[in-house]
Structure formats: structure tokens, C-alpha cells
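Below, each chain spelled out in residue letters.
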Amino acid sequence: MNFQLTEEHEMIRQAARDYAQRELIKDVIERDETATYPTQHVKALSELGFMGMLVDPKYDGGGMDTISYVLAMEEISKVDASVSVIMSVNNSLVCYGIEKYGTEEQKEKFLKPLARGEKIGAFLLSEPEAGSDATSQRTTAEDKGDYYLLNGTKNWITNGYTAGTYLVIAQTHPEKRHKGINAFIVDRHAEGISVGPHENKMGMRSSDTHSVMFTDVKVPKENRIGEDGFGFKFAMKTLEGGRIGIAAQALGLASGALERSIQYAKERKAFGTEIANHQAIAFKLSDMAVKVENARNLVLKAAWLKDQGMEYGTTSAMAKQYAADIAMEVTTEAVQIHGGYGYVKEYHVERLMREAKLTQIYEGTSEIQKIVISRSLLKD
Amino acid sequence: MKILVCISNVPDTTTRIKLSGDKKSVETNGVQWIINPWDELALTRAMELSEQNAGSIQAISVVSVGDASVEPTLRKALAVGANEAIRVNLVPADSYSVAVQLAEVVKQENPDLVLLGIESSDFNSSGVGAMLAELLGFASVSSVSSLELSSSGLTIKREVEGGTEQLECPLPAILSVQKGIALEPRIPAMRGIMMARSKPLKVVEPVAVEPLSEWIELELPEAKSACKMIPEDNAKELIRLLHEEAKVI
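Keep in mind it's a predicted model, so treat the numbers as computed, not measured.

1. Re the overall build of chain A
Secondary structure assignment for chain A yields 10 helices and nine strands. In terms of overall size, chain A behaves like a compact globule, its C-alpha atoms giving a radius of gyration of 21 Å where 380 residues would be expected to give roughly 21 Å. Counting over 380 residues, chain A shows a buried share of 57%. Split by element, the accessible area of chain A, about 16100 Å² in all, is 52% carbon and sulfur. Distance from the positive charge centre (46 side chains) to the negative charge centre (53 side chains) of chain A: 2 Å.

What follows is the structure in C-alpha cells.
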């Protein structure tokens, strides 16, 4: 048993922290208010290698392990979860999916620009009527011999507008239900793709979330990932890893709120002393710290299992569900500790609270995670 | 041209300093260590010069005097872009003992230019640069806030009372640099962190040196007292307090 991070892990954590505390903090409130996509930050983080940090260096990635990724995600998310969700989708869904299951040609052509951050990826699974129930895909991919013809609508797509590369999940053989589903790499600018308006969200407002419509979009046969019918399994396997990214994001929201609360409680005075000296506040901080520490241990364990090549699906579900739920609790308490100041934007914690809510919903709701966890407990 | 940047390993500037029991040193448990911010600026400028003068700078080395605990700081310098690192295996006792060790490294490595921060953010002695120049007989300029390569050596600007001084300086030279010398310190990229794994970090044994000074006792500064607010229409009270309590007028 060894809880010691390596020197390199510390360096990566510090690099992410430096960028977040030095750069992201400057305009995070304004970008949240105006729902402006963080173009410059995505470019800078790409140059630093954070957009493809898990990818093998031979495909232009950073070659880092999942623990490094979790540490970076936590630090970025402490300040700006809109930026970290862009990073998470690109790293742990799109790059990971192509690197793990794509062909050599697909990796050369599509993975390299994604790993360099020259293009950003989006993962298109959710539909207007297929969220948690991902088997009910209505988007169709008709086999036309040399190509597939895509038709349908995808919802809630992170990076929907700015992405250069889409990973699209669609139904080819409806009669086979989820075994007829395929996954495709699609050029975002292919003919027949139209992108809906920017969703006006409660939090993570500067990440661009859109609906995407496909009308007779031709996708070359060689852009299918894996064998015919592999798409649903591909999506589920990829989401297993994606959960670690969102769990780390939720952890960052919680630990960021805790850091701000500790600082505020040591400065703010009430009844003649700093509020940290009142047990009502000190015990809140204590409860928050225990939850953050538990979440961090779960998230790091899921990352460690993945790095060891061991089964991590259940642990990543536990990490995602627990970190998301405590992120909601901890950020809410942070607002309470800040009192009136917590309810205004300058103190950041109200934004962290709005952002935490999404971590309980996307990339598998907390309830879906409980299905994953309980099924693994009850299977024979 | 070869550049050697001297790096001091210091506690993060937000560290809450605690003294050890005998009050002769600082408690290091739980301290986060960083590259001394002024040394980091020196390294950043070295990197900038290397990029702006393609081909004219062959290598940037970094050196630190300390035990193995300074290695993460040196590896960060490698991740940022230095080509190689040297650690002199000695926990230094004072500025003089650091300067003596660095002088030995300079003699071995033969850099054309030695850069270091104007001071270290832990002990702030500002002594090493000038001592090192004296030990080596190199040209030395302190408080450098602008540095460019020129055909004859270096073009330097430094802050002086009431203005800026511009100098030409031959090589080899030792410059202690201050704020303004470079843009913001760089954040290491993943590629740099990965490459740092395989860059050389050489450990050399120290030469014998007797420190010229000794720590007798450290003490923490007095805690800041609470801010006194004086109503704007009571200038007399302000003057009285400045005179009688603060004793500044």
C-alpha cells in the first residue's frame, strides 16, 4: 500500500494548479456570465499537453497515467469546470475511445490532431429520448455498401459546436437492439450536419453544449470503430473511463469549495472572532474535508486500477456517484459558510454549486451509477 | 554559448514559516518547495534567449547546492526546458559556502554566462552573485532587468536610483537578475515533464569549505496588529497615533 504520489505526479498537479490559479481565474466569472467558450484557454492547455495527456506519445499525446490525469482534472476543476469538461471529453472519451478501439489508420488520421489539441472531440451518445437508456438509439446509420448514411438528432453534446471530430453512436440494425449499434468517427463539418443553438445552462456555462442534427450524412466505412455491432459496447467501455474524469471534476469542485471556505472562515469575523472559531463553522469544514478526502481516495483508486490494467468499472462508478453527490453537498455548505457573500458571483462558490449539480447528471446520472454498482454486487 | 542558471530551492511563498525547537532553522515538514522565484525568472530569460537567438545557445544547465530533497526542483527546471542539471551534494550553511561550491561547478562546466536571481526568497542575503563573481574573476552585474545578446557580449539594463542604466558587458559574466528580466515563469508542458525523465541530473560531491557565518537564532516577525480606523474628520488623532504609537513622525 503506498499513498505517496511520485515526483512527476506532483509536478503535473502543480502545473495544472499554476495554470488554473494564474490564468483561468482571471476571466472565469465573466465567461460564466456571458457563456463564452474559453478558446484561448483550450489553446494554451493544448500547448501544455493537457488535452491529450493520456495518449501514447507515438500518437502525439503526453503519455501520462490516469492518476496524473485525475490530479490535473481536480486542479483545473477547482477553478473552472467548464474548461475541465472540455478536457475530460477530449481525453477520456474521444482520445481514449479511438486509441483503445480504433485502427492504426484511424489513430494516425484522427487521434493525432485530437491529442495535440488542434482539434477537439465530442462524444455523441445522448438523444432527445435516449439519455440514461442508451440502448434506445433513434439515430440511424444505414449501411449503403461503401458508406453509412447517418440520420437523427443528438442532444446535450459537449463541444458540439467547436469540435472538429465527432464520435457518433447510431443504430444500424434496429432488430438487434443494442447489438445493432455502431460507433463512427465523423468529421464535424461533413455535409448534412447542422448544430443547434448553444444551450443556456445553469452551470458550466462557458462549455458549448448543443444539439446536433444529421441529415443524410455520408460516413466512410473505414470510420466505423470495431466490428459491425460493437458500438454499444464501445460506448459503455469508453464511459467507464470517462466516469473517472467526471469524478475527478466533481472532486475538484468540492475541494475548490473547501479551500475557499477555509480561507474565508479564517478571515471573516462575526461575534468578535473569525468565524472558523465558531464550532458551527469549524464542524462544517470538518464534515466537508472528510467527504473530500473520501472522494479523492475513491477517484484515485479507480485511476490506479485503470493504470494497473485491472477491472475498474465498478470503482469508477462508485467514484463518480460519490464524488458528484458530495460535490453538491460540499459546494452547498460552502455557500452557507460564505453567507450573503456566497450568494454573489465574486466569491465563486455559487458557481461551483451550480456546476456541481451537473456532475450528478451527465456521463451517467448518480442513479445510473447505482445500477452499475448494485448489478456488480448482485451478479452471480 | 553555454548558460548556467543557479537555482535555490525555497519554501513556497505562501508557506507559514515555523521555527525548529532550537530556533536555528526552519521546520521543513509539510513545506512545499519551489524554484526561487528570481532564479525562475533567470531560467525563463535563458529559455527566451535560446528561442530568440536560434542556434547561438548550445545548452542551458541548472545547478543547485543541496541534498537529494532539491532534486524535484531541479527536475522541474528540466521539465521547463533546461538541458541538464547538477546538484552539489551539500546542505549549505551560508551564502559563502554556496558561492564556493558554485564556483567549482563553473570551473568544471565552463559556461559563458551565469545567471541567478538577485536574492533567494528564503534568506534574502543577495550575497551569492557577487561572491561567485569575486571567486571566479568574472564580469559581474547585479539587479539586471533586461538582457540581450550582442556581437561583443551582452547588452544589459539595470535599475539604478532614479532611472535605468544601460551597459555592455563582455563574456564570461555573472548576472543577478530581478523582476522585468523575463515574462511570466513557464508552466512545464506534459512533453517537457516526459522529456525530463531522460535528461541528465548529475550529482557532484562538494569541495571542503568553512562557512564564514553561523546562525545564532532565528525569530519570526511580530504578528501584524489589527488595523485602526480613524474617522476622516479626526486628523489630530491620526497625527497623535503616528507620533506616539507608531513613532514614525
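Next, the rest of the story.
2. Some details on the packing of helix H4 (residues 81-101) of chain A against helix H6 (residues 231-267) of chain A
In a pair of packed helices, the angle between the axes and the distance between the axes together describe the arrangement. All names here are of chain A. Contact pair H4 / H6: the axes reach a minimum separation of 9 Å and the direction vectors enclose 155°. In this view, H4 runs roughly antiparallel relative to H6, as classed from their interaxial angle. Crossing handedness for the pair H4 and H6: right-handed. Counting all contacts with H4, which are made through Ala81, Ser84, Val85, Ser88, Ser92, Leu93, Tyr96, Gly97 and Tyr101, the residues of H6 involved are Phe234, Lys237, Thr238, Leu239, Gly241, Gly242, Gly245, Ile246, Gln249 and Leu253. In the contact of H4 with H6, the residues fall into nine nonpolar, nine polar and one charged.

3. Things to note about the nonpolar core
In this structure, Phe50(A), Val5(B), Leu115(B), Leu147(B) and Leu175(B) are the most contacted members of the largest nonpolar core, which totals 137 residues. With 16 residues, the top contributor of residues to this core is H6(A). Not counting the four nearest positions on each side in its chain, Leu147(B) is found in contact with Arg45(B), Leu49(B), Leu113(B), Leu115(B), Leu154(B), Thr155(B), Ile156(B), Leu175(B) and Ile181(B). Of all hydrophobic cores here, the second largest spans 20 residues; its members include Val65(B), Val106(B), Leu116(B) and Leu132(B).

4. Brief notes about the side chain of Lys306(A)
All names here are of chain A. Secondary-structure assignment places Lys306 in helix H7 (residues 279-307). The buried charged residue Lys306 lacks any salt bridge, with Asp307 as its nearest oppositely charged partner at 5.9 Å. If near-sequence neighbours (up to four positions away) are discounted, Lys306 is found in contact with Thr66, Tyr96, Gly241, Ile244 and Tyr312.

5. Here we look at the interface of chain A and chain B
Across the boundary between the two partners, chain A contributes 23 residues, which contact 17 residues of chain B. Across the chain A to chain B interface the summed buried area is about 1700 Å²; carbon plus sulfur atoms make up 59%. Interface area lost by chain A to chain B is led by Glu7(A), Met11(A) and Arg22(A), which between them contribute 35%. Inspection of the chain A/chain B interface yields three salt bridges. Counting every contact that joins chain A to chain B gives five residue pairs in polar contact (both at pLDDT 80 or more). Element by element, the count of residues in the side of chain A that touches chain B is highest for helix H1 (residues 7-34) of chain A, at 11 residues. Counted by class, the side of chain A that touches chain B contains nine nonpolar, five polar and nine charged residues.

6. A look at the sheet that holds strand E1 (residues 2-6) of chain B
Backbone-to-backbone hydrogen bonds join strands into a sheet, with any given pair of strands oriented parallel or antiparallel. All names here are of chain B. Strand order across the open sheet formed by nine strands is E9-E8-E7-E10-E6-E1-E4-E5-E11, with mixed pairing between neighbours. Of all strands in the sheet, those bounded by a partner on one side alone are strand E9 (163-169) and strand E11 (201-204). Ignoring which end each strand starts from, the neighbouring axes of this sheet average 35° apart. Pairing of strand E8 (residues 153-160) with E9, which is carried by seven bridges, proceeds in the antiparallel orientation. By the bridge assignment, Thr155 is partnered in E9 with Glu168.

7. Quick notes on the packing of aromatic side chains
In this description, an aromatic ring pair is defined by two values, namely the gap between the centres and the angle between the planes. All names here are of chain A. One pass over the full model with this rule turns up nine aromatic pairs over all chains. Where Tyr264 meets Tyr341, the ring centres are 6.4 Å apart and the plane angle is 50°; that geometry is what we call tilted. A residue pair is termed long-range when its members are at least 10 positions apart, and Tyr264 in helix H6 and Tyr341 in the loop between helix H8 (313-338) and helix H9 (349-359) qualify at 77 residues. Its relative accessible area of 9% is what places Tyr264 among the buried residues. One aromatic cluster in this structure is built from Tyr101, Phe230 and Phe234. We note Arg188 situated over the ring of Tyr161; from NZ or CZ to the ring centre the distance is 5.3 Å.

8. Some words on the pattern of salt bridges
Side chains that differ in charge, positive against negative, can pair when their charged atoms come close. Taken as a whole, this structure holds 41 salt bridges over all chains when the rule is applied. When the shortest N-O distance is used, the salt bridge between Arg116(A) and Glu118(A) registers 2.7 Å. Judged by its relative accessible area of 33%, Arg116(A) falls in the partly exposed class. Here Glu71(B) makes a salt bridge to Arg87(B), at a shortest N to O gap of 2.8 Å. Of the two residues, Glu71(B) sits in helix H2 (residues 71-80) while Arg87(B) sits in strand E5 (residues 84-88), which places them 16 residues apart along the sequence. Across the pair, exposure class does not vary: Glu71(B) and Arg87(B) are buried alike.

9. Observations concerning the side chain of Ser143(B)
Structurally, the position occupied by Ser143(B) is in strand E7 (residues 139-150). For Ser143(B), a relative accessible area of 13% puts it in the buried group.

10. Concerning a nonpolar patch on the surface
A cluster of nonpolar side chains, namely Tyr341(A), Val344(A) and Tyr347(A), defines an oily patch on the protein surface of about 250 Å² accessible area. Looking at the element boundaries, Val344(A) is found in the loop between H8 and H9.

11. Focus on the domain arrangement of chain A
Residue and element names in this part refer to chain A. Its domain assignment divides chain A into domain 1 (7-120), domain 2 (122-232) and domain 3 (236-378). Computed over C-alpha atoms only, the centres of domain 1 and domain 3 are separated by 20 Å. Counting from both sides, the interface comprises 29 residues of domain 1 and, opposite them, 34 residues of domain 3. The junction of domain 1 with domain 3 conceals about 2400 Å² of combined surface from both sides, 60% of it contributed by carbon and sulfur atoms. Remark: the boundary between domain 1 and domain 3 carries four salt bridges. When the shortest N-O distance is used, the salt bridge between Glu259 and Lys78 registers 2.6 Å.

Rules used throughout
Residues numbered from 1 in each chain as written. Chains lettered and ligands numbered in written order. Predicted model: local features only at pLDDT ≥ 70, side-chain atom pairs only at ≥ 80, totals over all residues. Heavy atoms only, no water. Helix = DSSP H or I, 4+ residues; strand = E, 2+ residues; numbered from the N terminus. Rg over C-alpha atoms; globule rule 2.2 N^0.38 Å. Buried < 20%, exposed > 50% of the residue type's maximum accessible area, 1.4 Å probe, protein only. Areas by Shrake-Rupley, 256 points an atom, 1.4 Å probe, with all protein chains shown as cover. Lys, Arg positive; Asp, Glu negative; His and termini not counted. Charge placed at Lys NZ, Arg CZ, Asp CG, Glu CD. Axes fitted to C-alpha atoms, helices over the stretch in contact; angles between N-to-C directions. Parallel < 35°, antiparallel > 145°, perpendicular 65-115°, else oblique. Left-handed = near helix turned anticlockwise from the far one by under 90°. Contact = heavy atoms within 4.5 Å. Nonpolar A, V, L, I, M, F, W, Y, C, P; charged D, E, K, R; others polar. Core = buried A, V, L, I, M, F, W, Y, C linked by side-chain atoms within 4.5 Å. Salt bridge = Lys/Arg side-chain N within 4 Å of Asp/Glu carboxyl O. Buried area = accessible area lost by both parts, 1.4 Å probe. Polar contact = N/O pair within 3.5 Å; in protein donor to acceptor, adjacent residues only side chain to side chain. Pairing = 2+ DSSP bridges. Phe/Tyr/Trp six-rings, centres within 6.5 Å; stacked < 30°, edge-to-face > 60°. Lys NZ or Arg CZ within 6 Å of the ring centre and 35° of its normal. Patch = residues over 30% accessible without salt bridge, like charges linked within 9 Å, V, L, I, M, F, W, Y side chains within 5 Å. Domains from an automatic or database assignment.

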